[in-house]
Amino acid sequence: MRLARALLCLALCVSGCRAAAPPPPSIVVIALDAASAFYFGAYGDAHGATPEIDRFARDAVVFERAYSQSSTTVASTASLLTGVRATTHRMTGHGRLTSGLATLPERLAERGFRTRGFAANPFAGAEKLGFARGYAEMVQVYALPELAARRKVDPSVGFVVSRPDEVDEQVFARL
């Protein structure tokens, strides 16, 4: 009887000693509107204009052959988020991303990742376009009232475009 109790106790102890699953790896997707690889040190530019990105790239996966699906921000962002061509998602600047197409943040959230997005302009992160789907938090930096109050609307584009330091401020405040 003592042996049976000891074995039962041992079995319960061992079954409760499973190693905790490691947290999922961090995934950072940075999309820069109208940025050519030609200007990044990670892609060979020697002028030093992008030191932080170049330093990050040294320890990251850097894609050397990546092609945009469109020349417009809306269509390219939709392809980046869904993994399908512009001819499939049909986001040409107006409308809303169809709910039939899962987004990268939705897929990651389903697998236990914590998702957070930051958008510097409404063509890359607008909720009205459906680009915020799947993010636990989507910070539309361009729409934050405290930032808009500091500056006037850019007349060339008709809205406030966030400066890099403003995006950085929002990202680092939430990490």
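Quick note: structure is the one above.
Residues numbered from 1 in each chain as written. Predicted model: local features only at pLDDT ≥ 70, side-chain atom pairs only at ≥ 80, totals over all residues. Heavy atoms only, no water.

### Quick notes on the side chain of Gln140
Phase 1: Mapped onto the elements, Gln140 comes out in strand E2 (residues 137-140).
Phase 2: Gln140 gets classed as buried once you look at its relative accessible area, which sits at 17%.
Phase 3: In this structure, Gln140 is in contact with Ala119, Gly125, Ala126 and Glu127, ignoring residues within four places of it in sequence. (Helix = DSSP H or I, 4+ residues; strand = E, 2+ residues; numbered from the N terminus. Buried < 20%, exposed > 50% of the residue type's maximum accessible area, 1.4 Å probe, protein only. Contact = heavy atoms within 4.5 Å.)

### Thoughts on the packing of aromatic side chains
Phase 1: Overall, the coordinates contain 1 aromatic pair when judged by the stated rule.
Phase 2: Judged by centre distance (5.1 Å) and plane angle (90°), the rings of Phe38 and Tyr39 are edge-to-face. Each member of the pair, Phe38 as well as Tyr39, is classed as exposed. (Phe/Tyr/Trp six-rings, centres within 6.5 Å; stacked < 30°, edge-to-face > 60°.)

### What about unusual backbone geometry?
Of all residues except glycine, most have a negative phi; of all peptide bonds, most are trans.
Phase 1: Phi angles above zero are rare outside glycine, and Arg90 is one such case at about 60°.
Phase 2: Here Arg90 lies in the loop between helix H4 (86-89) and helix H5 (104-110).
Phase 3: Of the residues examined, Arg90 reaches a relative accessible area of 64% and is grouped as exposed.

### Re the nonpolar core
Phase 1: Formed by 13 residues in total, the largest nonpolar core has its most connected members in Val74, Ala78, Met91, Leu97, Leu129 and Phe131.
Phase 2: Broken down by element, this core gets its largest block of residues, 3 residues, from helix H3 (residues 73-82).
Phase 3: Setting aside residues no more than four positions away along its own chain, Ala78 makes contact with Gly83, His89, Met91, Leu97 and Phe131. (Core = buried A, V, L, I, M, F, W, Y, C linked by side-chain atoms within 4.5 Å.)

### What to know about the pairing of strand E1 (residues 116-119)
Phase 1: The side-chain alternation of E1 yields one buried face, formed by Gly117 and Ala119, and one unburied face, formed by Arg116 and Phe118.
Phase 2: Bridging between E1 and E2 involves 4 bridges; their strand directions are parallel. Bridged to Gly117 within E2 is Met138. (Pairing = 2+ DSSP bridges.)

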